[in-house]
Amino acid sequence: MGTFVHILVLIMALMTAGTGSAQAPAKPLKIVVLGDSLSAGFGLPAAAAFPARLQKSLEAKGIKVDMINAGVSGDTASGGRDRLDWSVPEGTEAVVLELGANDALRGTDPAVTRAALTDILTRLKARKIAVLLCGMLAPPNYGQEYAARFNAIYPELSKSFDVPLYPFFLEGVAADARLNQPDGLHPTAGGVDVIVKNILPMVEALLGPLSAQRS
């Protein structure tokens, strides 16, 4: 009888250990938002910036993430390339790439912007990091030819690198005074929430395969 009880206790202990292991919380996905002031949260509290709001929305859907805000105000695509290695640390699994707005505002040669984004995508792909490329549109003041060359960068890079494209980061927010700060360029907290709501399905699709690899 004593031996039977001992065996029964041992079996129950093993079952409990197995159940505890199966229910262990999944490690958060490590994501970096590499961008400029639009994603950095210029003029906003840290909790209202795009990365923080995106993280909150993902976690509301049960997707645990470790989100790094690697947005730098005033940064260009070339600036993002130059700081890529330390802005996107080892262990990063996905990058939301939002760069180019300052290039367009300054009238930077689209060839320069394209080269910088190409280098960033090449290096991230070599590191096997998933990327969501966020497009930007040129303002009209540099003319139609410039706008055509600049606006073509994002869809063409998306196709050549086989990465998903969110066509325009400021979709639903640009030119809407209610959703922008007084400078007319940077979104308010409400504007950030519109951006997050619009882009969320694409971010979920980006992270889905990463989550599946862990299951």
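Description of the structure in this document. (Residues numbered from 1 in each chain as written. Predicted model: local features only at pLDDT ≥ 70, side-chain atom pairs only at ≥ 80, totals over all residues. Heavy atoms only, no water.)

**Examining unusual backbone geometry**
Piece 1. With phi around 60°, lysine 128 is a residue other than glycine that occupies positive phi space.
Piece 2. By the secondary structure assignment, lysine 128 is in the loop between helix H7 (110-126) and strand E4 (130-134).
Piece 3. Taking the relative accessible area as the measure of exposure, lysine 128 reaches 75% and is therefore exposed.
Piece 4. Positive phi outside glycine occurs at alanine 175, with the angle close to 70°. (Helix = DSSP H or I, 4+ residues; strand = E, 2+ residues; numbered from the N terminus. Buried < 20%, exposed > 50% of the residue type's maximum accessible area, 1.4 Å probe, protein only.)

**A word on the layout of surface pockets**
Piece 1. Estimates place the volume of the largest pocket at around 330 Å³.
Piece 2. Ala101, Leu105, Met136, Leu170 and Leu185 are the residues nearest the centre of the largest pocket, which is lined by 19 residues in total.
Piece 3. Those elements giving two or more residues to the lining of the largest pocket turn out to be helix H2 (37-40) and helix H6 (101-106).
Piece 4. For the lining of the largest pocket, the leading source of residues is H6, giving four residues.
Piece 5. Across the lining of the largest pocket, the residue classes break down as 13 nonpolar, five polar and one charged. (1 Å grid on protein atoms, 1.4 Å probe; cavity = no way out; pocket = protein on both sides within 12 Å on 5 of 7 lines; lining within 4 Å. Points joined across faces, edges and corners; volume = space filled by probe spheres on them. Nonpolar A, V, L, I, M, F, W, Y, C, P; charged D, E, K, R; others polar.)

**As for helix H8 (residues 144-151)**
Piece 1. For H8, the complete set of buried residues consists of Tyr146, Ala147 and Phe150. Buried residues in H8, looked at end-on, bunch into an arc of 95°, giving them a common side. Exposed residues pointing more than 90 degrees away from the buried face of H8 are listed as Gln144 and Glu145.
Piece 2. The elements touched by buried residues of H8 are H6, H7 and helix H9 (153-161). (Arc of directions from axis to C-beta. Contact = heavy atoms within 4.5 Å.)

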